[in-house]
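Observations on the model geometry
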Amino acid sequence: MHKIIVLIGAPGAGKGTQARLLEERRGIPQISTGDMFREMKSSNTPLALEIQRIMKEGGLVPDDLTYKMVKERTEKEDCKGTYVLDGFPRNVIQADMLEELAKEQNKKVKAFLIDVDSDILEKRLTGRRTCKVCGEIFNIYFKPPTKCDRPECDLEKNLVQREDDNLESVRKRLITYEESTKPLIEYYEKSGRLVKINGDREVEQIYSEISRSIDDNS
Ligand code: AP5
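We now turn to the structure provided with this report. The shown structure was predicted, so the numbers you read here are calculated from the model rather than taken from an experiment. Every chain begins its residue count from 1, and numbering advances along the sequence as written. In keeping with the model being predicted, local features are shown solely for residues with a pLDDT of at least 70 and side-chain atom pairs are shown and tallied solely at 80 or more, while totals for entire chains, interfaces and linings include all residues. With hydrogens and water excluded, all non-hydrogen atoms of the structure serve as input to the side-chain values.

1. As for unusual backbone geometry
Here Phe88 and Pro89 are connected by a cis peptide whose omega angle stands at -5 degrees. Mapped onto the elements, Pro89 comes out in the loop between strand S3 (83–86) and helix H5 (92–105). For Asn106, which is not glycine, the phi torsion reads 55 degrees and is therefore positive. With respect to the helices and strands, Asn106 occurs in the loop between H5 and strand S4 (108–115). Numbering of helices and strands runs from the N terminus; a helix is a DSSP stretch of H or I covering at least four residues, while a strand is a stretch of E covering at least two.

Structural data, given as structure tokens:
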């Protein structure tokens, strides 16, 4: 049976980094709700402006809208097999919605908690820089932006910092995680579908563990 891989973790835990590797190396599509909302921003509609405001304040975009977007995206051809959800579900209501979707799509949900000590998260987020051309994620403290392998990337010109990676937004996002998203740990643990991963290690070690565990039959 194909799987829906759910990556749970605080902001900065490394969900995007790992989902990106799974897509690059194994062709498992990365469905990132945060990326989809950021893409909507350029459209300047009232809805896009409202989403921008919510993201800047570190809150959550309404559940119905988020679910509709995930459902539409995962009905596309590339998601016929296993896919990775990076940033969804974000609360218990969304997790219940995902149960319905998994039933409809005849897939099994498997969740990974990428667990990182809260005191390093601020540095991971305020230090994050992303290449706007290829999406590669760097960090001025932990993974300094050196030359990118892709010839089209000129990192001096293309490196950007996310609008919600300033200290004020980061602190609000961490509170939202504690209040809304953390209960998902118990949600998936109770039903025996949670794998806990120590996220305070090298990216490659974390990747190997997740990648191996995706393939086992639990
Ligand atoms: P989203 O884009 O999902 O942001 P987030 O959850 O806050 O997570 P991040 O992307 O900040 O962190 P990450 O865990 O992916 O870490 P990364 O790999 O980049 O959501 C943004 C906003 O959109 C939300 O606040 C909300 O408003 C809205 N939204 C999204 N989904 C929603 C939903 N379902 N419902 C409602 N609203 C929603 O790594 C971070 C840094 O650490 C990088 O610099 C990286 O290089 C570094 N790093 C990564 N791994 C390691 C490692 N092992 N060691 C050292 N450094 C590392």
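Now, onward.
2. What to know about the packing of helix H1 (residues 15–26) against helix H10 (residues 203–215)
Helix packing geometry: the angle between the two helix axes and the distance between the axes. Lines are fitted to the C-alpha atoms to define the axes, a helix being fitted only along its stretch in contact, and any angle between axes, read from their N-to-C directions, falls within 0 to 180 degrees. In the contact formed by H1 and H10, the axes pass within 10 Å of each other and the chain directions differ by 65 degrees. Crossing hand, H1 versus H10: right-handed. Across the interface between the two elements, Thr17, Gln18, Leu21, Leu22, Arg25 and Arg26 of H1 pack against Val203, Glu204, Ile206, Tyr207, Ile210, Ser211, Ile214 and Asp215 of H10. Throughout this entry, Asp, Glu, Lys and Arg are counted as charged residues, while Ala, Val, Leu, Ile, Met, Phe, Trp, Tyr, Cys and Pro are counted as nonpolar. The remaining residues, Gly among them, count as polar. A breakdown of the residues in the contact of H1 with H10 according to their chemical character gives seven nonpolar, three polar and four charged. Each crossing is labelled by how the near helix is turned from the far one, with a counterclockwise turn of less than a right angle marking it left-handed and a clockwise turn marking it right-handed. Residue contacts are defined here by distance: any two heavy atoms, one from each residue, within 4.5 Å place the two residues in contact.

3. Details of the pairing of S4
The element S4 is largely enclosed, with a buried count of six among its eight residues. Pairing between two strands is assigned when DSSP locates at least 2 bridges connecting them. Alignment of strand S1 (residues 3–8) against S4, held across six bridges, turns out to be parallel. Following the sheet pairing, Ile4 is matched in S4 by Val109. Where S4 meets strand S8 (residues 194–198), five bridges bridge the pair, whose relative direction is parallel. Paired with Phe112 across the two strands is Val195, which belongs to S8. Buried, partly exposed and exposed residues are distinguished by accessible area as a fraction of the type maximum, computed with a 1.4 Å probe on protein chains only: under 20%, between the cut-offs, and over 50%, respectively.

4. Quick notes on the packing of aromatic side chains
Aromatic pairing here means that ring centres of Phe, Tyr or Trp (its six-membered ring) are within 6.5 Å. Orientation follows from the plane angle: under 30 degrees is stacked, over 60 is edge-to-face, and everything else is tilted. Per the counting criterion, the structure on display carries two aromatic pairs. Centre to centre, the rings of Tyr187 and Tyr188 are 5.0 Å apart; their planes meet at 70 degrees, and the pair counts as edge-to-face. The buried category is assigned to Tyr188, whose relative accessible area is 0%. One Lys or Arg, Arg25, reaches over the ring of Tyr207 and ends 4.8 Å from the middle of that ring. Lysine NZ or arginine CZ positioned within 6 Å of the ring centre and within 35 degrees of the ring normal marks a charge as sitting over the ring. We note Lys143 situated over the ring of Phe138; from NZ or CZ to the ring centre the distance is 5.2 Å.

5. Notes on a negative patch on the surface
For patches, a residue must show more than 30% relative accessible area and have no salt bridge; joins then use 9 Å for like charges and 5 Å for nonpolar side chains, namely Val, Leu, Ile, Met, Phe, Trp and Tyr. To be clear on the numbers: accessible area is Shrake-Rupley with a 1.4 Å probe, and residue cover counts the displayed protein chains and nothing else. One side-chain nitrogen of Lys or Arg within 4 Å of one carboxyl oxygen of Asp or Glu is enough to make a salt bridge. For the purpose of counting charges, residues Lys and Arg are taken to be positive, whereas Asp and Glu are taken to be negative. His and the chain ends are not included. Where a charge sits is defined by one atom per residue type, namely NZ (Lys), CZ (Arg), CG (Asp) or CD (Glu). On the surface, a cluster of negative charge is contributed by Asp115, Asp117, Asp119 and Asp200. Note on placement: Asp117 falls in the loop between S4 and helix H6 (118–126).

6. Some words on the sheet that holds S1
Overall, parallel pairing links the five strands, which are arranged S2-S3-S1-S4-S8 in an open sheet. Looking at which strands have only one partner, the edges of the open sheet turn out to be strand S2 (30–32) and S8. Neighbour-to-neighbour, the strand axes of this sheet turn through a mean angle of 25 degrees, independent of strand direction. Where helix H2 (residues 33–40) meets the sheet, its contacts fall on S2 and S3, and the angle it forms with S2 comes to roughly 60 degrees. In the packing of H5 onto the sheet, contacts are made with S1, S3 and S4, and the angle to S1 comes to roughly 160 degrees.

7. Let's talk about the site of the ligand
Taken together, the neighbourhood of the ligand is formed by 35 residues, with Thr17, Gly59, Arg128, Phe138 and Arg173 sitting nearest. In this structure, Gly87 approaches the ligand through a main-chain N or O atom, which is 2.8 Å from a nitrogen atom. Out of a free accessible area of 1,000 Å², the ligand has 95% covered by protein chains. For the shell around the ligand, the elements supplying multiple residues, two or more each, are H1, H2, H6, strand S6 (137–139) and H10. With four residues, the top contributor of residues to the shell around the ligand is H2. The nearness test applies per residue and asks whether one of its heavy atoms lies within 4 Å of the molecule or strand. Pairs of N or O atoms within 3.5 Å make up the polar contacts considered here, provided that, within protein, one atom can donate a hydrogen while the other can accept it, and that residues adjacent in sequence are counted only when both atoms are side-chain atoms.

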